[in-house]
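Residue-level structure breakdown
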Amino acid sequence: MKFRVYRYDPEKDAKPYYRDYDVALESTDRMLLDALMRLKAQDDTLSFRRSCREGVCGSDAMNINGKNGLACVTNLKDVKEPVELRPLPGLPVIRDLIVDMSQFFKQYHSIKPYVVNDTPPPERERLQSPEEREELDGLYECILCACCSTACPSFWWNPDKYVGPAGLLAAYRFVIDSRDQDTEARLDNLEDPYRLFRCYTIMNCVDVCPKNLNPALAIGKLKNLMVKRAL
Amino acid sequence: MVMRDRVVVGAHYGWRDWLVQRISAIVMALYTLLLLALLLWHGGLDYAAWKAIFGNGAFRLATFVFMMSLLWHAWVGVRNIAMDYAKPVGLRLAVQTVVIALLVAYAGWTIQLLWGGQLA
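Because the structure is a prediction, the values reported are computed rather than measured. (Residues numbered from 1 in each chain as written. Chains lettered and ligands numbered in written order. Predicted model: local features only at pLDDT ≥ 70, side-chain atom pairs only at ≥ 80, totals over all residues.)

**Digging into the interface of chain B and chain A**
How big an interface is tends to be stated in terms of the accessible area lost upon association of its parts. To be explicit about the condition: By the convention adopted here, residues are in contact when the distance between their C-beta atoms, placed from the backbone, does not exceed 7 Å. Gly counts as polar in this scheme, as do all residues outside two lists: the nonpolar Ala, Val, Leu, Ile, Met, Phe, Trp, Tyr, Cys and Pro, and the charged Asp, Glu, Lys and Arg.
Listed by partner, the interface residues are 12 residues for chain B and 13 residues for chain A. Its residues placed into classes, the side of chain B that touches chain A shows 7 nonpolar, 3 polar and 2 charged.

**Things to note about the pairing of strand β1 (residues 2-7) of chain A**
Residue and element names in this part refer to chain A. Operational definition: A pair of strands is labelled paired if DSSP reports no fewer than 2 bridges between them. The way it works is that DSSP assigns letters per residue, a run of H or I at least four long becomes a helix, a run of E at least two long becomes a strand, and they are numbered from the N terminus.
Direction of pairing for β1 relative to strand β2 (residues 17-22): antiparallel, over a ladder of 6 bridges. Along β2, the bridge assignment pairs Arg4 with Asp20. Direction of pairing for β1 relative to strand β5 (residues 83-86): parallel, over a ladder of 3 bridges. Counterpart to Val5 in the pairing with β5 is Leu85.

**Topic: the packing of helix α8 (residues 215-230) of chain A against helix α1 (residues 14-41) of chain B**
Short version of the rule: Helix axes are fitted to C-alpha atoms over the stretch in contact, other axes to C-alpha atoms as well, and angles between N-to-C directions run from 0 to 180 degrees. In this scheme, roughly parallel covers angles under 35 degrees and roughly antiparallel covers those over 145, while 65 to 115 is roughly perpendicular and the rest are oblique.
Taken N-terminus to C-terminus, the directions of α8 of chain A and α1 of chain B make an angle of 100 degrees; their axes are 10 Å apart at the nearest point. The orientation of α8 of chain A with respect to α1 of chain B, classified from their angle, is roughly perpendicular. In this structure, α8 of chain A contributes Lys223, Met226, Val227 and Ala230 of chain A to the contact, and α1 of chain B contributes Trp15, Trp18 and Leu19 of chain B. Looking at side-chain class alone, the contact of α8 of chain A with α1 of chain B contains 6 nonpolar, no polar and 1 charged residues.

**Overview of the confidence of the model for chain B**
All names here are of chain B. Heads up, the rule is: Values of pLDDT, which run from 0 to 100, indicate the predictor's confidence residue by residue.
Counting all residues, the mean pLDDT for chain B is 88, and 89% of those residues have values of 70 or more. No element of chain B has a lower mean pLDDT than helix α2 (residues 47-55), at 88, and none a higher one than helix α4 (residues 89-115), at 95. Of the two predicted TM-score estimates for the complex, the pTM is 0.88 and the ipTM is 0.77.

As structure tokens, this is what we get:
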């Protein structure tokens, strides 16, 4: 199987370049990550992240034939040859397919991704009704692979000011959580023209999410809450 | 010691631009429908129909509201583009000043056209 891979080692290369590979696959190789492991065996200078190999850890997010996705859940039958692999766009490249995710996680942390509740904890747990718990479906499943945020032009332009789809999905997950008491402060935190409202509903986030989540919908709900509160 | 990143949050008007863009879009859509309906009612676009439509004071007022929505809508959009692409503060200020001056001029021109005497 033919591959064309983005290669860059800032310590050695003046500029990034592409290298072509032809990899002999075994009959058991199903996913793109399997092929990448064969590739790594053939050329051990190639660097990429991977861990769980089943779409749970979010480590092997990369740009596959122009679209962000996880190598481990991308079926080899579904990709066209030569498979062009690039690092996630919009973030600084550390080496080859590995990017520096600091900016991404900085935005994630800025929305306080944890339940804030200052009342004394009950003896066992803070209970939710089944309906309240249902509100979190489609929100809590995010694995923070950064496929969505690095596919978002608003995040490319303003990664320091715009929270990005992954962070905003998490923001809504805690705004809507019945156990959280920090809703007002959370909305205050997103009320400027950049942090939430740089989203122009381009919907690349929905298109690429490997977990089939819908950050654009969560962002729309946040905007509605914001306007409702203001009026 | 507990390290705490200070979360810097700027102006609290993000939602306002967002809402203005949506409301002005609705106003423009309604006006477009109204204009199309009036043109159909008058059986096409000739000078007589045009004069009859714009001779109506209420319609001229509606046209004014439409133009104000258009200009405000344009302001929000162009300002967003300037925020994304014109990063140096001086350049952004210059772009925004020119745009504001243009939009205000268009508003004045609209008033002149609608109530300047030619249409009455």
